[in-house]
Amino acid sequence: MAIDRDTVRHVARLARLALTLEEEQRRAGQLAHVLDYIERLKGVDISGVEPLSFAGDPGEAQAGMRSDEPRPGLPRDKVLREAPEQDGSTFVVPRIIE
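The sections below set out a description of the structure shown in this document.

Cut-offs and rules
- Residues numbered from 1 in each chain as written.
- Predicted model: local features only at pLDDT ≥ 70, side-chain atom pairs only at ≥ 80, totals over all residues.
- Heavy atoms only, no water.
- Helix = DSSP H or I, 4+ residues; strand = E, 2+ residues; numbered from the N terminus.
- Buried < 20%, exposed > 50% of the residue type's maximum accessible area, 1.4 Å probe, protein only.
- Contact = heavy atoms within 4.5 Å.
- Areas by Shrake-Rupley, 256 points an atom, 1.4 Å probe, with all protein chains shown as cover.
- Salt bridge = Lys/Arg side-chain N within 4 Å of Asp/Glu carboxyl O.

Thoughts on the overall build of the protein chain
Part 1: Across its full length, the protein chain holds 4 helices and 0 strands.
Part 2: Secondary structure elements of the protein chain occur, N-terminal to C-terminal, as α-α-α-α.
Part 3: Burial analysis of the protein chain (98 residues in total) assigns 9% to the buried set.
Part 4: Within the protein chain, contacts between residues separated by at least 24 positions form 28% of all contacts whose residues are at least 6 apart in sequence.
Part 5: Accessible surface computed for the protein chain: about 9,200 Å², of which carbon and sulfur atoms make up 56%.

Structure, rendered in structure tokens:
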């Protein structure tokens, strides 16, 4: 699948990336390669494969997981003291959505 530089620029803008002309050309090739691979994967017959919620051996997954029980959190004032900027009750972060 061909990816043009306009598409790369659009994706870069959405990701807030500043790319050079050389990087745009390289990313176009890389994205085209990824999309071609996805098209190849669509052709794989997976009709007899059971879906998994994780990769690996099911027995190992259960052994490595802790029980899901509520635990006390950190005190708000202690956490806020570590923040670069806060207003006394919440973190203050730069606005990213216009």
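Quick look at the side chain of Glu24
Part 1: Mapped onto the secondary structure, Glu24 falls in helix H2 (residues 21-42).
Part 2: In contact with Glu24, not counting residues within four places along its chain, are Arg5, Val8, Arg9 and Leu19.

What to know about unusual backbone geometry
Part 1: Residues other than glycine seldom take positive phi values, yet Arg16 does so here, at roughly 55°.
Part 2: On the secondary structure map, Arg16 appears in the loop between helix H1 (5-14) and H2.
Part 3: What makes Arg16 exposed here is its relative accessible area of 58%.

Side note on the pattern of salt bridges
Part 1: Taken as a whole and judged by the stated rule, the model has 6 salt bridges.
Part 2: Among the salt bridges present, the one from Glu24 reaches Arg9, with a minimum N-O distance of 3.2 Å. Remark: Arg9 occurs in helix H1 and Glu24 occurs in helix H2; sequence separation between them is 15 residues.
Part 3: Overall, Arg9 belongs to the partly exposed group, its relative accessible area being 36%.

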